[in-house]
Amino acid sequence: MLSSQFLELKVKYNNQKLIYLDTAASALKPQAVIETEKDFLSSRYSNISRGISNLSVSVTKEYAQARQKVLQFVTSKSNGKLVITNSATTALNMAASFYEDKLQLGDEILVSYAEHHSNFLPWIKLAKKTGAVLKVLEVDNFGQLTIDNLVKVLNPKIKVVALTYVSNVTGAITPVRQMAELIHKAGADFIVDAAQAVGHMPVDFSEIDCEMAAWSAHKVYGPTALGFLYCKDRIIDEFSNFLVGGGTVDDINFADSDIKPIYKKGLEKLEAGTPPISQMIAFAKSIEMLQTVNIKNIVNHEKQLTEELINLQSLPGIEILGSISSDNRLGIISFTHQNIHPHDLGQFLDDAGVVCRVGHNCAVPIHRRFGKVASVRFSLGLYNNLNDVKQAIAVTKEAINFLDKV
Ligand code: PLP
């Protein structure tokens, strides 16, 4: 789909045709996004918000329109806003910081075995800071987060639940909407890590009704150094600062011996310093591209490729981590071989032009749960086609023939 817009796919890689199966780590960028950022930087660049020049005023407007476009892409109701950060990781650290003055000794925080470290470590840190207890929700044998397992552990001591929407290892989709209802009934807030969901399936944070949700632009065919924390309006009102600095205060009061900053209200108190302006303006183009293709077509396309990719399972010695059905999952497939180290497989694949990821992929908990140290991960983007998948499987087969000498 649209592969002609991704010029990197035309560049020879290791003297071969590039087969890019690493979108879960970061997506390639379409030419429209690259051109928009280049054009902005070379013809109308300015800082935003605090300038009075026409240039600054017009860029401030363009930036605000881009924010609105992105917000509307992930919400259908107007009861929340997007805090612009520099990554999903920053957004998740920010989400955890919200609870620093709200949790007490004995309260509980619930995360899961399916989390990326970016949605695991900030909650460990929060637990240490507040004296709260970190609980880890079990996954089933396919690495799936289930309603049954959630219901078993929900209790009034849990004040916040932070779960991944889509696993970056198994591709499993979490039933977040149903979970939100149960979590709220139990009296807790719900934070969603949507880093692997946005761009690959319809996402509507206002419909899910989560308190906050994090994701980053570079996985959605956009620039790096741009992330988002969707927050319900109530959360924005209650948030005290995460970072402080330029743009966050109306005034600083020197009247008493105690110097007092008068912080702004709303989004501004949460966005200190100069934001990723050119990235945000370019990212609006990624969103336009996804809207033009239509997310339903992307879902169908990636599902068809996933069905093909699952055929990896029939190669000798291969074990797919998680479900081998194409239902209720996205195009992220991690696998191991009984005798060959993932790094050796990854090296062989790379030499043949197949770019993928190997290691624990910032997801030690689920690898431990599967009894693995590392895996090889293939992940799909809209620019992949059946040939890419067939070629990746064929090279994996060759790698096994060559490397499995046991
Ligand atoms: N959450 C999940 C599920 C991820 O897969 C990733 C990145 O791989 C992150 C969070 C962190 O995203 P970023 O590195 O863009 O901050």
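Just so it is clear, the structure is predicted and the values come from calculations on it, not from any experiment.

Calculation rules
- Residues numbered from 1 in each chain as written.
- Predicted model: local features only at pLDDT ≥ 70, side-chain atom pairs only at ≥ 80, totals over all residues.
- Heavy atoms only, no water.
- Pairing = 2+ DSSP bridges.
- Helix = DSSP H or I, 4+ residues; strand = E, 2+ residues; numbered from the N terminus.
- Core = buried A, V, L, I, M, F, W, Y, C linked by side-chain atoms within 4.5 Å.
- Buried < 20%, exposed > 50% of the residue type's maximum accessible area, 1.4 Å probe, protein only.
- Domains from an automatic or database assignment.
- Contact = heavy atoms within 4.5 Å.
- Near = heavy atom within 4 Å.
- Polar contact = N/O pair within 3.5 Å; in protein donor to acceptor, adjacent residues only side chain to side chain.
- Areas by Shrake-Rupley, 256 points an atom, 1.4 Å probe, with all protein chains shown as cover.
- Nonpolar A, V, L, I, M, F, W, Y, C, P; charged D, E, K, R; others polar.
- Salt bridge = Lys/Arg side-chain N within 4 Å of Asp/Glu carboxyl O.
- Buried area = accessible area lost by both parts, 1.4 Å probe.

This part is about the pairing of strand 12 (residues 260–263). As defined by bridge partners, strand 11 (residues 249–253) adjoins strand 12 across four bridges and the pair is classed as antiparallel. Bridge assignment links N253 to a residue of strand 12, and that residue is K260. In this structure, the hairpin formed by strand 11 and strand 12 is closed by a connection of six residues.

As a further point, take the nonpolar core. With 75 residues, the main nonpolar core has Y165, F190, F205, W215 and F228 as its most contacted residues. By residue number, the principal contributor to this core is helix 9 (residues 277–293), which donates nine residues. When residues are assigned to domains, this core turns out to be shared by domain 1 (3–21 + 294–403) and domain 2 (33–290), each giving three or more.

Right, let's talk about the environment of A194 for a bit. Tracing the chain through its elements places A194 in the loop between strand 8 (189–193) and helix 7 (205–208). Residue A194 is classed as buried on the basis of its relative accessible area of 0%. With 30 residues separating them in the primary sequence, A194 and T164 have C-alpha atoms 6.3 Å apart. Each residue touching A194, except ones within four places of it in the same chain, is listed here: Y165, F205, A214 and W215.

The next subject is the site of the ligand. Looking at the ligand, there are 14 residues lining it, with T89, D193, Q196, H218 and K219 nearest. For the ligand, an oxygen atom lies 2.6 Å from a polar atom in the side chain of T89. Within the side chain of Q196, a nitrogen or oxygen atom sits 2.7 Å from an oxygen atom of the ligand. In the complex, the protein chains occlude 88% of the 390 Å² of accessible area that the ligand would expose alone. Split into classes, the residues belonging to the shell around the ligand amount to three nonpolar, nine polar and two charged.

According to the stated counting rule, one finds 26 salt bridges in the structure shown. For K264, the salt bridge is made with E268, and the minimal N-O distance between the two is 3.8 Å. One network of salt bridges, in which partners are shared, links D189, D209, E211, K232, R234 and E238.

Turning our attention to unusual backbone geometry. Its identity as a non-glycine residue notwithstanding, N361 has a phi of 50°, on the positive side. Along the chain, the position of N361 falls in the loop between strand 16 (357–359) and helix 12 (364–369). Residue N361 is classed as buried on the basis of its relative accessible area of 9%. Phi is positive for C362, close to 55°, though the residue is something other than glycine. With respect to the helices, strands and loops of the structure, C362 is situated in the loop between strand 16 and helix 12.

Here we come to the domain arrangement of the protein. Here the protein is described as being made up of domain 1 (3–21 + 294–403) and domain 2 (33–290). Relative to domain 2, the C-alpha centre of domain 1 lies at a distance of 29 Å. On the domain 2 side, the residues contacting the 30 residues of domain 1 number 31 residues. The contact between domain 1 and domain 2 buries some 2,500 Å² in all, and 62% of this surface belongs to carbon and sulfur atoms. Summed over the shared surface of domain 1 and domain 2, the result is one salt bridge. In this structure, the salt-bridge partner of R369 is E138, at a minimum N-O distance of 2.7 Å. Remark: the boundary between domain 1 and domain 2 carries 16 residue pairs in polar contact (both at pLDDT 80 or more). Of all the elements in the fold, those that place two or more residues in the side of domain 1 that touches domain 2 are helix 10 (295–309), strand 14 (332–337) and helix 12. The element that contributes the greatest number of residues to the side of domain 1 that touches domain 2 is helix 12, accounting for five residues. Class assignment for the residues of the side of domain 1 that touches domain 2 results in 17 nonpolar, nine polar and four charged.

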